[in-house]
Amino acid sequence: MPGASLSMTPPESAAAPAADSGLRDGFGRAIVDLRISVTDRCNYRCVYCRSGESASAAAGELSWPEWRRLTAIFHALGIRKLRLTGGEPLLRPGLEDFIASIAGLGWDDLALTTNGDKLAGRAEGLRRAGLRRVTISLDSVEPEKFARITRVPAGFARVQNGIAAAQAAGLRPVKINAVLLRGYNDDEIEAFADFARRHAVVVRFIEFMPLEEGRLWTPEIVVPLREILARLERRHPLRELSHGTSETACRYGFADGAAGEIGIIAPVSRPFCGHCSRIRMTADGQLRTCLFSLREWDLRARMRAGASDSELRDEILRAVAHKEERHHIGEPGFQRPARTMVHIGG
Ligand code: SF4
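Treat the numbers as computed from the prediction; the structure is a model and nothing was measured.

A.B. asks: I keep staring at the packing of aromatic side chains and nothing clicks. Help me out?
C.D. replies: Tallied over the entire structure, the rule returns six aromatic pairs. Taking 4.8 Å as the distance between ring centres and 20° as the angle between the ring planes, the aromatic pair formed by W64 and F98 counts as stacked. A residue pair is termed long-range when its members are at least 10 positions apart, and W64 in helix 1 (residues 64-76) and F98 in helix 2 (residues 95-103) qualify at 34 residues. Pair check on accessibility: W64 and F98 agree, each one buried. Each ring, one from F192 and one from F205, has its centre 5.7 Å from the other, and the planes form 90°; the classification is edge-to-face. Here F192 is found in helix 6 (residues 189-199), whereas its partner F205 is found in strand 6 (residues 202-207), with 13 residues between them in sequence. Three or more aromatic residues joined by ring pairs form one cluster here, namely Y44, F146 and F156. One residue, R92, lies across the ring of W64, its end atom 4.3 Å from the ring centre. Sitting over the face of the ring of F254, R197 holds its NZ or CZ atom 4.8 Å from the ring centroid.

A.B. asks: I keep staring at the environment of F192 and nothing clicks. Help me out?
C.D. replies: On the basis of relative accessibility, which here comes to 0%, the residue F192 falls in the buried class. Along the primary structure F192 and L232 are separated by 40 residues, whereas in three dimensions their C-alpha atoms are 9.5 Å apart. If we skip the residues at most four places from it in the chain, F192 touches L138, D139, S140, V141, A178, V203 and F205.

What counts and what doesn't
- The residue numbering used here restarts from 1 in each chain and proceeds along that chain's sequence as written.
- Where totals are concerned, whole chains, interfaces and linings use all residues; where local detail is concerned, this predicted model gives features only for residues with pLDDT of at least 70, and gives and counts side-chain atom pairs only at 80 or more.
- To get the side-chain values, all heavy atoms of the structure are used, and hydrogens and water are removed first.
- Between the rings of Phe, Tyr and Trp (Trp by its six-membered ring), a pair exists once the centres lie within 6.5 Å; its type follows the angle of the planes, with under 30 degrees stacked, over 60 edge-to-face, and the other angles tilted.
- In DSSP terms, a helix is any run of H or I states spanning at least four residues, a strand is any run of E spanning at least two, and both are numbered starting from the N terminus.
- Categorising residues by exposure relies on relative accessible area from a 1.4 Å probe, with only protein chains included: less than 20% of the type maximum marks a residue as buried, more than 50% marks it as exposed, and the intermediate range marks it as partly exposed.
- Think of it as a cone above the ring: NZ of Lys or CZ of Arg counts as a charge over the ring if it is within 6 Å of the ring centre and within 35 degrees of the ring normal.
- Working rule for contacts: check all heavy atoms of both residues, and any pair within 4.5 Å makes them a contact.

The following block contains the structure:
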């Protein structure tokens with residue numbers, strides 16, 4: 001398999017670590033962060049994610065009882081940060097009930113990533129269910145360009161209302177994720193900084209990763225961290241903020257003390273795999289130990305074949321023991337995963 005030599009995973013015989021030590025991978029990294037995609041359905045068709053055809057729901061999406069069972073097993077293994085993603089998670093009926101059913105397990109963080117389109121009417125209910133905070137994808141602060149990037153007319157105003165509703169409901173901090181693509185929205189870096197100050201939100205710029213359907217990604221389309229930072233500093237001088245070792249974003253406040261914050265997530269130009277604490281579950285029940293995994297662990301099949309909780313636990317331990325060391329974007333032999341971002345969930 002081309003690139004096989006690149007996949008720095010521990011040998012097959014690597015023993016699964018004992019459950020009571022918390023989840024650790026073969027490189028000794030503590031795995032405390034789980035992202036679950038509750039649906040592949042999405043009402044947006046963002047150019048850097050989807051090719052445009054409507055993505056139907058994954059065949060065999062996990063049911064809420066299956067998600068409750070798995071979430072409890074992951075929590076018992078030491079997962080303490082849970083993020084709900086998609087597709088667009090607000091499209092899946094029963095989301096608030098699911099959150100209410102698992103919130104009591106005890107989380108250091110319980111968050112949701114959404115395109116914000118349907119958030120305005122749901123924010124209060126999500127917070128009451130136990131959600132702590134939201135991250136909203138917003139790739140332009142210009143309504144027309146927003147419509148061009150998402151290929152959805154008139155979504156910008158709804159997302160603005162979603163941001164305001166999240167803040168009013170106390171879902172804080174509200175983080176805004178903006179994937180930067182050269183030639184699409186890189187001309188808005190300064191405007192995004194103004195937006196962060198004006199709305200007192202955390203704007204996080206994300207370097208574009210090769211996980212989209214449309215095969216748009218090239219190294220040239222990526223706007224690297226150093227360029228973003230240089231542009232921002234010319235507009236609003238920044239001061240670096242501390243961040244947790246496994247946090248993906250480099251954080252900056254405004255030197256003049258203004259509200260708002262800037263984050264830069266630079267998986268391409270400044271990879272952070274060394275402290276990775278994340279694993280993911282897809283909507284159809286596959287465990288992925290890295291965003292760029294070429295291998296998946298089918299927990300859905302095991303569950304539906306009657307596996308016990310301890311058998312599922314052992315399978316998760318085995319998977320984590322084989323977690324990839326890092327991604328290999330831009331290296332000779334780099335292999336894109338077959339599954340694209342809309343089917344992984346970010
Ligand atoms: S690319 Fe994989 S190893 Fe690196 S930070 Fe992302 S999930 Fe972790």
